[in-house]
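Here's the letter readout for the chains.
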Amino acid sequence: MGLEEQTPAGLAARLTGWLCDRVLATGRLTDPVHGEHGTYAEGFASLALALQLARGGTPAMEEALRLTLRHSLS
């Protein structure tokens, strides 16, 4: 892990990248260890993505936020 990845901005970029890679079309999050459980992960993802987008983001982050927020609020 490079020094840049250890900064708050680097951590945020890694976290939001991980979230974007794992959001399903339904807005659910999945990962190889936990699969799909509850909705707490989607709420957390929405928060993390919104905070990052407030500082600038990517279209993938915007789409992931839209999906996770929709699922969290359903």
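Here the residue numbers are simple positions, counted from 1 along each chain's written sequence. With pLDDT at 70 or above as the cut-off, local features in this predicted model cover only qualifying residues; side-chain atom pairs require 80 or more to be listed or tallied, and sums for whole chains, interfaces and linings still use all residues. Side-chain figures throughout are based on the complete set of non-hydrogen atoms in the structure, without hydrogens or water.

Secondary structure elements are defined from DSSP: runs of H or I of at least 4 residues count as helices, runs of E of at least 2 residues count as strands, and each element is numbered from the N terminus. Helix span is expected to be 1.5 Å times the residue number reduced by one. The end-to-end C-alpha distance of helix 2 (residues 40–54) is 21 Å, a good match for the 21 Å that 15 residues give at a rise of 1.5 Å each. Exposure categories follow from relative accessible area, calculated using a 1.4 Å probe and restricted to protein chains: below 20% of the type maximum is buried, above 50% is exposed, and the middle band is partly exposed. Along helix 2, the residues classified as buried are Glu42, Ala45, Ser46, Ala48, Leu49 and Gln52. Pairs of residues are marked as contacts when any of their non-hydrogen atoms sit within 4.5 Å. Taken together, the buried residues of helix 2 touch helix 1 (8–22) and helix 3 (59–73). Trailing helix 2 by a residue or two, Gly56 shows a phi angle of about 115°, which is positive.

Right, let's talk about the packing of helix 1 against helix 2 for a bit. As a packed pair, helix 1 and helix 2 sit with axes 10 Å apart at the nearest point and diverge in direction by 130°. Taken as axis vectors, helix 1 and helix 2 run oblique relative to one another. Crossing of helix 1 against helix 2: the hand is left-handed. Contacts between helix 1 and helix 2 involve Ala12, Leu15, Thr16, Leu19 and Cys20 from the first element and Phe44, Ala45, Ala48, Leu49 and Gln52 from the second. Partitioned by chemical class, the residues of the contact of helix 1 with helix 2 number eight nonpolar, two polar and no charged. Axes here refer to lines fitted to C-alpha atoms; in helices the fit is confined to the stretch in contact. Angles between the N-to-C directions go from 0 to 180 degrees. By the definition adopted for this analysis, an angle is roughly parallel if under 35 degrees, roughly antiparallel if over 145, roughly perpendicular if from 65 to 115, and oblique otherwise. Take the far helix as your reference; a near helix turned counterclockwise from it by less than a right angle gives a left-handed crossing, and one turned clockwise gives a right-handed crossing. Charged residues are taken to be Asp, Glu, Lys and Arg, nonpolar residues to be Ala, Val, Leu, Ile, Met, Phe, Trp, Tyr, Cys and Pro, and polar residues to be all remaining types, Gly included.

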